[in-house]
Amino acid sequence: MKSPNSPKEHLMVQAERAQGRVKELKESPIPVIYVGCATCGLAAGALETIAGFETVLKENGIEARIEKVGCLGHCYAEPLVIIQNPGFPPLLYQKIGAGEAGILVRSFLKDGSDPCYEYLIGSLEADENFPTLMDYPRYLYENRVVMEHCGLIDPEDIDSFLAVGGYSSLAQGLEKGGAWVLDEVMAANLRGRGGAGFPAGRKWKIARGIEKSSKLVICNGDEGDPGAYMDRTLLESNPHQVLEGLALAALAVGAERALLYIRAEYPLAVKIMERAIVEAQEKNLLGADIMGSDFSLEVSVFQGSGAFVCGEETALIESLAGNRGMPQPRPPYPAVAGLNGLPTVINNVKTLSTVPSIIRNGHQWFRSIGTEESPGTAIFSVVGEVEYPGLVEVPMGVTLEHLVVDICGGIKDGKELKAVQIGGPSGGCLPASLMDTIIDFDSLKKVGAMMGSGGLVVMNEDTCMVEVARYFTDFTQGESCGKCTFCRIGTRHLREILKSITVGEGRMEELADLEELSQAIIKGSLCSLGKTAPNPVLTTLRFFRDEYVAHIEEKRCPAKMCRPLIAFYIDLEPCARGCDACVACCPTDAIFTTSNRKKAIDQEKCVKCGECVYVCPPEYDAVRRVSPPEMIPDQGVEPLTEKNESE
Amino acid sequence: MSDNLITITVDEQKIKALAGAFLLPVCLENDIYIPNLCFLKGMDDPPASCRLCMVEIAGEDEPVASCRCRISEGMEVKTNSDEILRLRQLAFRLLVSTNDGSCRTCIANHGCELQKIAKFLHQPLRTKRLRHIDRDYPKFINTHPFLIYEPKKCVLCGRCVHVCGQLEKGYKLDFAQRGMDSIVSLFGSDLDPASQDCETCLACTEVCPVGALSSKVKWQSFTAEIEAKAKK
């Protein structure tokens, strides 16, 4: 059914109605409470927060609306709440549990007098009475293009997306045609955000050029890197932006079917996307004859079953076809012959989420952000030992130092930065001396790391780099599909060697084996899981070789992390008489009272869990960690007995 | 047909072959041996999983699996450069590092592809430098009425899975598990009438390059022989 209106006119009707609805909400005389309810917010207790608000609102007879929104990316401050109280600017609050919710209702909503500065981050709008978010480096230095609306709109209400200009890029694309969309994305040099950085436009062009009646576009949401959750946040917080990007890709390629491949471990993302598809179809923004044009697109969600390797596009296609998720040799590339032999374009969630902004603002605008070869922004999930972990969107071309120190507040607890692991298990470990490295696809590759999907783990001086390499190798070798020799057996040997080094059984000649194996795995593996798996090993060997040597030759773990190579003892000098915090927490009863009523550890019983380090009151700070274990000084401790007690 | 013939150079030897053919079988037919385990003649879609047949091709940055590389006019191939040799030797060492190495009591002794490749690459069948990795499986899997599978000998080439899939009633075996735990899983039991076809087929046992998959009848008479010898 084609309407006589153009797509733009069609959308205008929808958008005006949505804007009206949202404006009504914004200007409502009753307060509105927005609670971040993406997976991360829920994990931090957002549902308890909502329950807290509801109870106290009811108790006090206050009328207010509670709206669920997505994720702002500020993990350190969850649960996050935005309160829009008439007469005040919208205010953002951090770490609001049920108790804090009650206080906010009573002090701010009931009396309207105290906006509870103790929980406040700042105002979303400029205001003379409140600090604004722009007063914080985190907000000031970020450049939110893809995440612009994340955490501010309701992902389960299409109107909130339409009201901020949603689907206008698709309308524009429909008016100007697929070829124009393709040209814009080509000219923007949008590179794939899934890791490899292959230009999205080139993929599209290949598929568009193939004369086949049926083509397919797929959104790859099989995010599996440990510590990475950018895709999940985008799917959960702004699902329609992903759908708009997907529809634009389909338009450019000439596909009439689109799939979202989302891992089953993201149930909320699956639910939200499924709902978003239905909503968009109801408004004729997807489905048959979109916005009255002759372009139709059928979209559905497919759930991946938890294999990391299925993020690799040929394995993803195999799994869609119902086969074992094993990568296939390329060529043929999926853009030429993918699912069922049809041209299949696969793009990452972030790539597709970027497309609408390029269409809306033009390729010149996009190229003005970032660097010449890597235009646009990059989203990182910064985790580990930083002050303000979370999702950060920065323009490409900033340094690692800027990202970790200026934006994320540097290392927690006044410790030293030791290394960052960038690019997840396929990336590399870069030392503090390389923190001036520029973040873009090519610069990171030069130093042995990679952009990857955007995981960034920050590590301090207490992290053992051999253990880090072992951890990531353990992950990739566990996720190897088992098809090709190098990845299946080679990564297992890497892991075995690393494991033996961390327990003090390594041999020096095995360092050469690690290097030889790594190089061969990179050259010989079938797919990029294998081809990148040795990166953590090679980079740690390159930048932290002395740590490997210390483990092997001195049986010493310099970071004092590898358990078989460390021991704990209690320094009698600062240990306080009468305090027995450590005794209570020790799971193996290894801590005893000495003849002078201080504490000591029975090394035979100690399992080196380190609990005593954490519970020892900071004013005493008496538990010491040493490596190798023989470094424990002889303090001449004797257990307290009846005999020496009486002395 | 003759106008489809093109010329490629392999290790300075000029070879004429049909355009678009896979490189590995072309080399093998011209007496240029390239080690391989997972390839079978006539495959349309070789899995390229064993990684033993890697070669260097002028113009390519990285080594290429020859089993899947289609030849084109003027292609220049090196099968014996130092780098290729090292890569193959390592792939081979990796394969034997998980193998139980019981050649003398193996049904494939003297006919085993691994033995042939070991000779070609001048590599021992037990690697000293790499630790032996014992895969956590029993020595035999005996559930199928007509087949016996020895997982510790299996190199996971997938030839058996391929030929079985080609048969009309195919797919009585397939890969199961993943990574180092990958295994060929045999469907069928005494109770399952479908597995009766296997008795006369045994195609999978014929393509197995090592002694991992055998006909139960043959295997039983072979073990009886070995035991008799051992008693003597």
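Residues numbered from 1 in each chain as written. Chains lettered and ligands numbered in written order. Predicted model: local features only at pLDDT ≥ 70, side-chain atom pairs only at ≥ 80, totals over all residues. Heavy atoms only, no water.

Trainee: So what about the overall build of chain A? Which residues, and what values?
Mentor: Along chain A, the regular secondary structure elements total 26 helices and 18 strands. Against the compact-globule benchmark of 26 Å for 647 residues, chain A has a radius of gyration of 28 Å, which places it among compact chains. With respect to the principal axes defined by its C-alpha atoms, chain A has extents near 100 × 70 × 40 Å. Burial statistics for chain A: of 647 residues in total, 61% are counted as buried. Expressed as a percentage of contacts within chain A between residues at least 6 apart in sequence, the contacts between residues at least 24 apart total 71%. Roughly 25,100 Å² of accessible area belongs to chain A as shown, and the carbon and sulfur atoms make up 50% of that amount. Taken together, the 63 basic and 88 acidic charged side chains of chain A have centroids lying 5 Å from each other. (Helix = DSSP H or I, 4+ residues; strand = E, 2+ residues; numbered from the N terminus. Rg over C-alpha atoms; globule rule 2.2 N^0.38 Å. Buried < 20%, exposed > 50% of the residue type's maximum accessible area, 1.4 Å probe, protein only. Contact = heavy atoms within 4.5 Å. Areas by Shrake-Rupley, 256 points an atom, 1.4 Å probe, with all protein chains shown as cover. Lys, Arg positive; Asp, Glu negative; His and termini not counted. Charge placed at Lys NZ, Arg CZ, Asp CG, Glu CD.)

Trainee: Could you give an account of the interface of chain A and chain B, naming the residues involved and the relevant values?
Mentor: On the side of chain B, 33 residues touch chain A, which itself brings 37 residues to the contact. Taken together, both faces of the contact between chain A and chain B bury some 2,900 Å²; the carbon and sulfur share is 57%. Along the contact surface separating chain A from chain B lie six salt bridges. Where glutamate 479 of chain A meets arginine 178 of chain B, a salt bridge forms, and the shortest distance between an N and an O atom there is 3.2 Å. For the pair chain A and chain B, the interface holds 18 residue pairs in polar contact (both at pLDDT 80 or more). (Buried area = accessible area lost by both parts, 1.4 Å probe. Salt bridge = Lys/Arg side-chain N within 4 Å of Asp/Glu carboxyl O. Polar contact = N/O pair within 3.5 Å; in protein donor to acceptor, adjacent residues only side chain to side chain.)

Trainee: I'd like to hear about the sheet that holds strand 12 (residues 417-422) of chain A, residue by residue, with values.
Mentor: All names here are of chain A. One open sheet accounts for five strands, arranged 11-10-14-12-13; its pairing is mixed. With one partner strand each, in any of the chains shown, strand 11 (390-395) and strand 13 (428-431) form the two edges of the open sheet. Taken over all neighbouring pairs, the strand axes of this sheet differ in orientation by 30° on average, direction set aside. Of the strand pairs in this sheet, strand 12 and strand 14 (residues 455-460) are connected by five bridges, and their pairing is antiparallel. Opposite valine 420, over in strand 14, you have valine 458 as the bridge partner. Lying over the sheet, helix 22 (residues 535-543) contacts strand 12 and strand 13, oriented at roughly 20° with respect to strand 13. (Pairing = 2+ DSSP bridges. Axes fitted to C-alpha atoms, helices over the stretch in contact; angles between N-to-C directions.)

Trainee: Which residues make up the nonpolar core, and what are the values?
Mentor: Core analysis: the biggest nonpolar cluster contains 116 residues, and Leu514 and Tyr548 of chain A together with Ile8, Leu23, Leu37, Leu173 and Val184 of chain B have the highest contact counts within it. Ranked by residue count, the leading element in this core is helix 2 (residues 82-97) of chain B, at eight residues. Apart from the residues within four sequence positions on either side, tyrosine 548 of chain A is in contact with Val466, Ala469, Leu498, Ile501, Leu511, Leu514, Val537, Thr540 and Leu541 of chain A. Core analysis: the next-biggest nonpolar cluster, separate from the first, contains 68 residues, Ala18, Ile158, Val185 and Val355 of chain A among them. (Core = buried A, V, L, I, M, F, W, Y, C linked by side-chain atoms within 4.5 Å.)

Trainee: Describe the sheet that holds strand 2 (residues 65-69) of chain A, with residues and values.
Mentor: All names here are of chain A. Across the sheet, which stays open at both edges, the five strands sit in the order 2-1-3-4-5 with mixed pairing between neighbours. Each edge of the open sheet is held by one strand with a lone partner, namely strand 2 and strand 5 (120-123). Looking at each pair of strands side by side, their axes are set apart by 20° on average, direction ignored. Direction of pairing for strand 1 (residues 32-36) relative to strand 2: parallel, over a ladder of five bridges. Residue pairing across strands places valine 35 opposite lysine 68, the latter belonging to strand 2.

Trainee: Let's hear about the packing of helix 20 (residues 509-524) of chain A against helix 23 (residues 545-553) of chain A: which residues, and what values?
Mentor: All names here are of chain A. Orientation of helix 20 relative to helix 23, taken along the N-to-C sense of each, is 135°, at an axis distance of 10 Å. By the angle between their directions, the pair helix 20 and helix 23 is classed as oblique. Residue-level contacts link Leu511, Leu514 and Glu515 of helix 20 to Arg545, Tyr548, Val549 and Ile552 of helix 23. Its residues assigned to classes, the contact of helix 20 with helix 23 shows five nonpolar, no polar and two charged. (Parallel < 35°, antiparallel > 145°, perpendicular 65-115°, else oblique. Nonpolar A, V, L, I, M, F, W, Y, C, P; charged D, E, K, R; others polar.)

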